[in-house]
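Chain by chain, the residues run as shown.
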Amino acid sequence: MEPMDIVGKSKEDASLPKATMTKIIKEMLPPDVRVARDAQDLLIECCVEFINLISSESNEVCSREDKRTIAPEHVLKALEVLGFGEYIEEVYAAYEQHKLETMQDSLKGGKWNNVAEMTEEEAAAEQQRMFAEARARMNGGATAPKQPDSDPSLES
């Protein structure tokens, strides 16, 4: 692969984080095995080349299907086309696990994690409180937050 084969980037720009890759390499080996720095660098370069190869073939598969977005199916097909069919089941299982973990993370994390537990009235009150805070910030805190107007039809 030539240095400018990666669209818009030189070969030096395409790399993987060394610390992460070193951690992965060490986790895969028995604790008593050491890896020379040159060997680590070579493994990282191999990974970059592999990613480039799979990405390029995935793009070809995607283009043949007249699609503009590479989907997981395109990556799996690329693995098959390139002779890595024996890894497809394991790759698909890892992909499914990633989707599951991502979904769980998005459900339990974030600033909206308790919204589903609110009633509609609580959500409306929270929204009004947030609007009032925003108004106060916009006005430099000079005016008190505006309270929601009461409904005159409720007064007797």
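All residue numbers here refer to positions counted from 1 along the written sequence of the relevant chain. In keeping with the model being predicted, local features are shown solely for residues with a pLDDT of at least 70 and side-chain atom pairs are shown and tallied solely at 80 or more, while totals for entire chains, interfaces and linings include all residues. Excluded from the side-chain calculations are hydrogens and water; all other atoms, namely the structure's heavy atoms, are used.

Per an unreviewed UniProt entry, the protein chain goes by CBFD_NFYB_HMF domain-containing protein and derives from Cephalotus follicularis.

Draft legend 1. Structural context of the overall build of the protein chain. Think of it this way: any DSSP run of H or I at least four residues long counts as a helix, any run of E at least two long counts as a strand, and we number them from the N terminus. On a plain count of helices and strands, the protein chain comes out with five helices and zero strands. Listed N to C, the secondary structure of the protein chain is α-α-α-α-α in terms of helices and strands. With 156 residues in all, the protein chain has 13% of them scored as buried. In what follows, a contact means two residues having at least one pair of non-hydrogen atoms within 4.5 Å. Long-range contacts, defined here as pairs at least 24 residues apart, represent 31% of the contacts in the protein chain between residues at least 6 apart. Using a 1.4 Å probe on the protein chains alone, a residue whose accessible area is under 20% of its type maximum counts as buried, one over 50% counts as exposed, and one in between counts as partly exposed.

Draft legend 2. Seen up close, the environment of Ile-70. Tracing the chain through its elements places Ile-70 in the loop between helix H2 (37–64) and helix H3 (72–81). Under the relative-accessibility criterion, Ile-70 is labelled partly exposed at 39%. Linking Ile-70 and Ser-55, residues 15 residues apart in sequence, is a C-alpha distance of 8.8 Å. For Ile-70, the contacting residues outside a window of four places in its chain are Ser-55, Ser-58, Asn-59, Cys-62 and Val-75.

Draft legend 3. Looking closely at unusual backbone geometry. Residue Asp-66 is not a glycine yet carries a positive backbone phi of 55°. Within the secondary structure, Asp-66 is located in the loop between H2 and H3. Of the residues examined, Asp-66 reaches a relative accessible area of 72% and is grouped as exposed.

Draft legend 4. Seen up close, the pattern of salt bridges. Here a salt bridge means any side-chain nitrogen of Lys or Arg lying within 4 Å of a carboxyl oxygen belonging to Asp or Glu. The final tally for this structure, using the stated rule, is six salt bridges. Between Glu-57 and Arg-64 there is a salt bridge whose closest N-O contact spans 3.4 Å. A salt bridge links Arg-129 to Glu-126, with the shortest nitrogen-to-oxygen separation between them at 2.5 Å. Here Arg-129 and its partner Glu-126 are both found in helix H5 (residues 120–138), three residues apart, which amounts to about one turn of the helix. Its relative accessible area of 38% is what places Arg-129 among the partly exposed residues.

Draft legend 5. Summary view of the environment of Thr-69. Mapped onto the fold, Thr-69 is located in the loop between H2 and H3. A C-alpha to C-alpha distance of 8.4 Å links Thr-69 and Asn-59, two positions 10 residues apart in sequence. Setting aside chain neighbours within four positions, we find Thr-69 in contact with Cys-62 and His-74.

Draft legend 6. Inspection of helix H1 (residues 18–28) at higher detail. Looking only at H1, the buried set comprises Met-21, Thr-22 and Ile-25. On an axial view of H1, the arc spanned by its buried residues comes to 100°, and they lie on one face. Exposed side of H1, more than 90 degrees from the buried face: Ala-19, Lys-23 and Glu-27 are the residues found there. Contacts from the buried residues of H1 go to H2. It is the directions from the helix axis to the C-beta atoms that the arc portrays.

Draft legend 7. Up close: the side chain of His-74. Considering the arrangement of structural elements, one finds His-74 in helix H3. On the accessibility criterion, His-74 (5% relative accessible area) is buried. Side-chain polar atoms of His-74 contact the side chain of Glu-65, separated by 2.9 Å. If sequence neighbours within four positions are ignored, His-74 has contacts with Ser-58, Val-61, Cys-62, Glu-65, Lys-67 and Thr-69. Distance and chemistry together define a polar contact, namely a pair of N or O atoms within 3.5 Å, with one atom able to donate a hydrogen and the other to accept it when in protein, and with adjacent residues in sequence counting only for side-chain atoms on both sides.

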